[in-house]
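The residues making up each chain are set out below.
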Amino acid sequence: MTLGELAELLGAELSGGDGNQQVLGVSGLDSAAPGHVTYVEDERRLTAAEAGPALAVIAPMGLRAAKKPLLRAANPRLAFARALASFYPPSRMSPGVDPTASVAKDAALGEGVAIGPYAVIGEGAKLGRGTQVHALVAIGRGVEIGADCVIHPHVAIYEGVRVGARVIVHAGSVIGSAGFGYVWDGEQHVWLPHVGVVIVEDEVEIGANTTIDRATTGQTVIGKGTKIDNLVQVAHNSLIGSNCLLAGQVGISGSVKLGDGVVLAGQAGVSDHVEMGEGSVGAAGADIIRDVKPGEIVLGRPARRIKEQMRIDAAAARLPDMVRELRELRKRVEELEKKL
Amino acid sequence: MTLGELAELLGAELSGGDGNQQVLGVSGLDSAAPGHVTYVEDERRLTAAEAGPALAVIAPMGLRAAKKPLLRAANPRLAFARALASFYPPSRMSPGVDPTASVAKDAALGEGVAIGPYAVIGEGAKLGRGTQVHALVAIGRGVEIGADCVIHPHVAIYEGVRVGARVIVHAGSVIGSAGFGYVWDGEQHVWLPHVGVVIVEDEVEIGANTTIDRATTGQTVIGKGTKIDNLVQVAHNSLIGSNCLLAGQVGISGSVKLGDGVVLAGQAGVSDHVEMGEGSVGAAGADIIRDVKPGEIVLGRPARRIKEQMRIDAAAARLPDMVRELRELRKRVEELEKKL
Amino acid sequence: MTLGELAELLGAELSGGDGNQQVLGVSGLDSAAPGHVTYVEDERRLTAAEAGPALAVIAPMGLRAAKKPLLRAANPRLAFARALASFYPPSRMSPGVDPTASVAKDAALGEGVAIGPYAVIGEGAKLGRGTQVHALVAIGRGVEIGADCVIHPHVAIYEGVRVGARVIVHAGSVIGSAGFGYVWDGEQHVWLPHVGVVIVEDEVEIGANTTIDRATTGQTVIGKGTKIDNLVQVAHNSLIGSNCLLAGQVGISGSVKLGDGVVLAGQAGVSDHVEMGEGSVGAAGADIIRDVKPGEIVLGRPARRIKEQMRIDAAAARLPDMVRELRELRKRVEELEKKL
């Protein structure tokens, strides 16, 4: 592909340079090589890119370069994503069922489905057109998976779970395991049967070794377009909205409701029955024990509005001095009182 | 089943309604459908239930209803659990060994054992009567598992681990992996061999993708009736008592001792060698670095007694104001000192 | 093995006792049995060991014992590790490929490689001499693994990952899954393709159910001799130095740099792009959001230098009293002001 063709593909404005030059690869600033197109977000990084070996640079509309051609785009990070996707299309499994896969007789496989070695597909399961099931995956009885999904090795999807189209699940994740709910009968913890399901909507992506529990009754739902990272826990009956982002090691307790577009940074936790409004954000490690309003950003343990928590954190650094100052001040007041 | 039969099964008192009506299902308030029996804990929820489609409502002894029959029980949540269990018995694998399973010749299988496709059972392993081993499970050499256990897909149980009866392990969990202990020899970290075992006692239930490490020497023990959620870490040589509850993403460091009935909420962590007394509780995200007395509830990072920590958290909100007030007060005292 | 032979093997000084006595086992203080050699670090533990059934005690150079022979060593914990290793050598798989394993025709297997039941080895993968791949492992296309590695059940290694020699990966861990990076295009989250790799250097050890993501472009690197515990998350493009220790449930965000010998205790988290200098330490649960200098120890949320944070934590306990004292002091100052 030439630089000019790439610019056209990305809807970017080519500034400087010869549009006929061959693009050999696409890479971030740290790994750019000769012939590569790289990408920057600001002037400082552009200076670094110009000093490097890259052929050309994807950059925001405003920037100018002296030494390298620029591909200026309104959303340069999006242009970078598209350039990567066009240069490095994901490898696909060949359609067909590996002879070693264990597929129930009454499983329904759509056109072009691929199933890898030693995958196990339960009775009555349905796999949509073009879906790829990697090696050693366990799909339970009656599971329904839509079209063009990719299920990586060692994923386990329990009985009755329903997965939409274009969903990606990375290795080792578990969908539909029993919720964690018990009743003490005076002698032991009696399990509250979890007979509900999990619904994973279209375009959801789930990282590695993440766990999503089925509902007690009813549904645990992961909304359309939501992306979940590795080692995340989503407990029974939680309702996750559309286009949410849940980063690594986030924990969602039971019956939580997240509005659309909620973002939770790494290791944040949300307590039982808490609701977070549309577009709200929990910072890394936030312990969210109360409802959060739409658009609000919360931080800390327990989580508070970010401005409040940052003022508290700043003041906390003064705390040891305050203890001393307070003691000293009390003495001075006592002195004054004596004098009067 | 009729309403009257269900009441009898639950030991509940049927109040109002026709005992001959057919019960079509059991579900929580949010997912109740016509013909279903649902359940509430208080008056407010009962009002909601009465406005919904359910046929009847499991409720505490004291409540009264105008529009729906009640099944009044001393422990309504327990009655609900039993109703769910009777309506939706868990699906069982058919007894027998799948022809694709890899079972060592000298493995001992009890009567009625079920082993799924591509499960691997190591040399000398013993599986008790009625135990179900799902697809793609890896059971190591010399592992002993008691009667009526359920081992879900992708569980790995390392060499020599001993599991009691009626134990459930959800998908992807690992029992008996090497403990994390190293000695620096001046040039590198030398692994301290972990040659002990893990003992999982009767009626323990373990969630998905949880990890339990074997002891350096001796035993890591999960006590009878203890329930562990998803993505929990239990390190080497820890001794977990009976009937504990460990919620999602809890982390137990090495050589920790938990008394019977200890409860740890989500993302709580317990440091090396810490002991928590019988019936003590660690709140969500608590960082427990010191011993906890029996019955004590602790909260925070570092964890303190809950009342103390809640007072600190409340005071923390005043901290930025305090910085200002303290400064102002010092000025006023200076003024006073000048005047005198 | 006799006590004298063990002393020689460990380079330890045998003090008291008959060097010809048979050693029957090696174990920690809590699990020592007659005939066993145990180990202590201090006088108090030595007193306990002398009251127990052990035959002899590995101890620091300075200690003296009245009742048991001592094996005195400069680094007694290292001597204990070596004694354990010599008494309990790890079990090895027999060389050879299990007939049920699915090995690509063009995979290259070194001499003495062992591959367990239902393991899946992708096209063009290379396994070094003496490497053991356990049952049900999934090795992707083009993966390269060095000599004498041990890959436990259910590990998934994605396409193109490169693993050095003498590496151990415990059950359920995932190496090379897609990084978590998205760009909002105004309507949906568009995935930033992660086309880089993961490099795992020699002597790295990885616990169970840990996840290591591949780089966007370039490399995620786990440096030589680094040890990683269970349920740890290492995100895309992070560069982990040599001989680091990452304890259970640690979370490393994207593009983090850890110098050599960094130690992170359980549940610590490191934010995007943070750098931690050589030999620095993050305490349990630390939320590390700013760069850390070499050798520095940080604690807390947000993490601060340990001395500062411990002073803050100590002062925090006084916080509720301070609120009251401040109020009282204000009143007294007001009184004084009135009087003047």
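Worth saying up front: this structure is predicted, and the values here are computed from it rather than measured.

1. Let's talk about the overall build of chain A
Within chain A one finds five helices and 38 strands. A compact globule built from 340 residues should have a C-alpha radius of gyration of about 20 Å, whereas chain A, at 27 Å, is more than 25% larger. By its C-alpha atoms, chain A is 95 × 75 × 30 Å across when sized along the principal axes. Out of the 340 residues belonging to chain A, those deemed buried represent 60%. Taking all contacts inside chain A whose residues are at least 6 apart in sequence as the whole, residues at least 24 apart take part in 17%.

2. Quick notes on the interface of chain C and chain A
Opposite the 70 residues of chain C that make contact, chain A presents 59 residues. In this assembly, chain C packs against chain A so that about 4900 Å² is buried in total across both faces, 65% of it on carbon and sulfur atoms. If you sort the residues of chain C by the area they bury against chain A, Phe180, His189 and Leu336 of chain C come out on top, with a joint share of 13%. Applying the counting criterion to the chain C and chain A interface returns three salt bridges. The partner of Glu334 of chain A in a salt bridge is Arg332 of chain C, with the nearest N and O atoms 4.0 Å apart. Where chain C meets chain A, there are 26 residue pairs in polar contact (both at pLDDT 80 or more). Ranked by residue count, the leading element in the side of chain C that touches chain A is helix 5 (residues 319–339) of chain C, at nine residues.

3. Details of the pairing of strand 3 (residues 36–39) of chain C
Residues and elements named next belong to chain C. A two-sided burial pattern is seen for strand 3, the buried positions comprising His36 and Thr38 on one face and Val37 and Tyr39 on the other. Across two bridges, the pairing between strand 2 (residues 25–26) and strand 3 is parallel. Following the sheet pairing, Val26 is matched in strand 3 by Val37. Read as a crossover between parallel neighbours, the route from strand 3 over helix 2 (residues 43–51) to strand 4 (residues 56–60) is right-handed.

4. Quick look at the packing of aromatic side chains
Residues and elements named next belong to chain B. By the definition in use, this model includes 12 aromatic pairs over all chains. Between Phe87 and Tyr88, the ring centres sit 6.2 Å apart and the planes meet at 50°, which makes this aromatic pair tilted. Its relative accessible area of 29% is what places Tyr88 among the partly exposed residues.

5. Here we look at the sheet that holds strand 5 (residues 70–73) of chain B
All names here are of chain B. With mixed pairing, five strands are arranged side by side in an open sheet as 1-5-4-3-2. Strand pairing shows two members of the sheet lacking a second neighbour, strand 1 (13–15) and strand 2 (25–26), which therefore form its edges. Packed onto the sheet, helix 3 (residues 76–87) meets strand 2, strand 3 (36–39), strand 4 (56–60) and strand 5 and runs at close to 145° relative to strand 4.

6. Looking at a nonpolar patch on the surface
Taken together, the side chains of Leu340 of chain A, Leu340 of chain B together with Leu340 of chain C define a hydrophobic patch exposed on the protein surface, amounting to about 250 Å² of accessible area. Its location among the elements puts Leu340 of chain C in the segment after helix 5.

7. Concerning the domain arrangement of chain A
Domain parsing of chain A yields domain 1 (3–87), domain 2 (96–307) and domain 3 (308–339). Centre-to-centre separation of domain 1 of chain A and domain 2 of chain A, based on C-alpha positions: 37 Å.

8. Notes on the relation of the copies chain C and chain A
Look at the two chain copies: a rotation about an axis and a shift along it is all it takes to match them. For the pair chain C and chain A, the superposition axis carries a translation of 0.0 Å, the fit reaches an RMSD of 0.0 Å, and the rotation angle comes to 120°. Viewed as a symmetry operation, the transformation between the two copies matches a three-fold axis.

9. A closer look at the pairing of strand 5 of chain B
Moving residue by residue along a regular strand, the side chains alternate between the two faces of the sheet. All names here are of chain B. Of the two faces of strand 5, the one lined by Leu70 and Arg72 and the one lined by Leu71 and Ala73 are each fully buried. The pairing of strand 1 with strand 5 spans three bridges and is antiparallel. By the bridge assignment, Ser15 is partnered in strand 5 with Leu70.

10. Thoughts on empty space enclosed by the protein
In total, this model carries three cavities of 30 Å³ or more according to the counting rule given. Considering only enclosed or pocket space, the largest cavity measures out at about 180 Å³ in volume. Lining the largest cavity are Leu231, Gln249, Gln267 and Arg301 of chain A, Leu231, Gln249, Gln267 and Arg301 of chain B together with Leu231, Gln249, Gln267 and Arg301 of chain C. Taken together, the residues that form the lining of the largest cavity break down as three nonpolar, six polar and three charged. In this structure, the second largest cavity encloses a volume near 80 Å³. Taken together, 13 residues line the second largest cavity, and the ones lying closest to its centre are Ala178, Gly179 and Tyr182 of chain A together with His170 and Gly207 of chain B. When grouped by side-chain class, the residues that make up the lining of the second largest cavity number seven nonpolar, four polar and two charged.

11. With respect to the interface of chain C and chain B
Each partner contributes to the interface: chain C provides 59 residues, whereas chain B provides 70 residues. Summing both sides of the interface, chain C and chain B together bury roughly 4900 Å²; the carbon and sulfur share of this comes to 65%. Glu325 of chain B is the partner of Arg330 of chain C in a salt bridge, and the nearest nitrogen-oxygen pair spans 2.8 Å. At the junction of chain C and chain B, the tally comes to 27 residue pairs in polar contact (both at pLDDT 80 or more). Secondary-structure elements contributing two or more residues to the side of chain C that touches chain B are helix 3 (76–87), strand 26 (227–228), strand 29 (245–246), helix 4 (306–316) and helix 5 of chain C. Here the side of chain C that touches chain B gets 13 residues from one element, more than from any other, and that element is helix 5 of chain C. Taken together, the residues of the side of chain C that touches chain B sort by class into 32 nonpolar, 15 polar and 12 charged.

12. Here we look at the pattern of salt bridges
Within the structure shown, the criterion is met by 40 salt bridges over all chains. One salt bridge in this structure joins Arg332 of chain C and Glu337 of chain A, with 2.8 Å as the shortest N-O distance. Placement of Arg332 of chain C in helix 5 and of Glu337 of chain A in helix 5 (residues 319–339) is noted, with the two residues assigned to different chains. The class of Arg332 of chain C is buried, set by a relative accessible area of 17%.

13. Looking at the packing of helix 5 (residues 319–339) of chain B against helix 5 of chain C
Packing of helix 5 of chain B against helix 5 of chain C brings their axes to within 10 Å, and their N-to-C directions diverge by 30°. The angle between helix 5 of chain B and helix 5 of chain C places the two elements in the roughly parallel class. Relative to helix 5 of chain C, helix 5 of chain B is oriented so that their crossing is left-handed. Contacts from Leu319, Met322, Glu325, Leu326, Leu329, Arg332, Val333 and Leu336 of chain B of helix 5 of chain B reach helix 5 of chain C at Leu319, Met322, Val323, Leu326, Leu329, Arg330, Val333, Glu334, Leu336 and Glu337 of chain C. Across the contact of helix 5 of chain B with helix 5 of chain C, the residue classes break down as 13 nonpolar, no polar and five charged.

14. Describing helix 1 (residues 3–10) of chain C
All names here are of chain C. For helix 1, the complete set of buried residues consists of Leu3, Leu6, Ala7 and Leu10. Taken down its axis, helix 1 places every buried residue within 100° of arc, on the same side. Buried residues belonging to helix 1 abut strand 1 (13–15), strand 3, strand 4, strand 5 (70–73) and helix 3. The positive-phi residue at the C-terminal boundary of helix 1 is Gly11, with phi of around 65°.

15. Describing helix 4 of chain C
Residues and elements named next belong to chain C. Among the residues of helix 4, Gln309, Ile312, Asp313, Ala315 and Ala316 are the ones counted as buried. With its buried residues spanning 165° around the axis, helix 4 presents them on a single face. In helix 4, the exposed residues that point more than 90 degrees away from the buried face are Lys307 and Met310.

16. Some remarks on the environment of Ser27 of chain A
Within the secondary structure, Ser27 of chain A sits in the loop between strand 2 (25–26) and strand 3 (36–39). In the structure, Ser27 of chain A is positioned 30 residues away from Val57 of chain A in sequence and 9.9 Å away in space, judged by C-alpha atoms. When sequence neighbours within four positions are dropped, the list of residues in contact with Ser27 of chain A reads Ala32, Ala33, His36, Val37, Thr38, Tyr39 and Phe80 of chain A together with Thr217 of chain C. At 3.4 Å, the side chain of Ser27 of chain A forms a polar contact with the backbone oxygen of Ser31 of chain A.

17. Some remarks on the sheet that holds strand 33 (residues 269–270) of chain A
Residue and element names in this part refer to chain A. Read across the open sheet, the 10 strands follow the order 7-10-13-16-19-24-27-30-33-36; overall the sheet is parallel. Edge positions in the sheet fall to strand 7 (102–103) and strand 36 (287–288), since each has one partner strand and no second. Sheet topology places strand 13 (residues 138–139) next to strand 16 (residues 156–157); two bridges connect them, and they run parallel. Residue Ile139 lies in a different strand from strand 16, and its bridge partner there is Ile157.

18. A look at the environment of Gln22 of chain C
All names here are of chain C. By secondary structure assignment, the location of Gln22 is in the loop between strand 1 and strand 2. Put simply, Gln22 and Gly110 are 88 residues apart on the chain and 40 Å apart in space, counted from C-alpha to C-alpha. The contact partners of Gln22, leaving out residues within four places of it in the chain, are Met1, Thr2, Gly35 and Leu55.

Basis of the calculations
Residues numbered from 1 in each chain as written. Chains lettered and ligands numbered in written order. Predicted model: local features only at pLDDT ≥ 70, side-chain atom pairs only at ≥ 80, totals over all residues. Heavy atoms only, no water. Helix = DSSP H or I, 4+ residues; strand = E, 2+ residues; numbered from the N terminus. Rg over C-alpha atoms; globule rule 2.2 N^0.38 Å. Buried < 20%, exposed > 50% of the residue type's maximum accessible area, 1.4 Å probe, protein only. Contact = heavy atoms within 4.5 Å. Buried area = accessible area lost by both parts, 1.4 Å probe. Salt bridge = Lys/Arg side-chain N within 4 Å of Asp/Glu carboxyl O. Polar contact = N/O pair within 3.5 Å; in protein donor to acceptor, adjacent residues only side chain to side chain. Pairing = 2+ DSSP bridges. Right-handed = clockwise from strand over helix to strand, strands pointing away. Phe/Tyr/Trp six-rings, centres within 6.5 Å; stacked < 30°, edge-to-face > 60°. Axes fitted to C-alpha atoms, helices over the stretch in contact; angles between N-to-C directions. Patch = residues over 30% accessible without salt bridge, like charges linked within 9 Å, V, L, I, M, F, W, Y side chains within 5 Å. Areas by Shrake-Rupley, 256 points an atom, 1.4 Å probe, with all protein chains shown as cover. Domains from an automatic or database assignment. Least-squares fit on C-alpha atoms with pLDDT ≥ 70 in both. 1 Å grid on protein atoms, 1.4 Å probe; cavity = no way out; pocket = protein on both sides within 12 Å on 5 of 7 lines; lining within 4 Å. Points joined across faces, edges and corners; volume = space filled by probe spheres on them. Nonpolar A, V, L, I, M, F, W, Y, C, P; charged D, E, K, R; others polar. Parallel < 35°, antiparallel > 145°, perpendicular 65-115°, else oblique. Left-handed = near helix turned anticlockwise from the far one by under 90°. Arc of directions from axis to C-beta.

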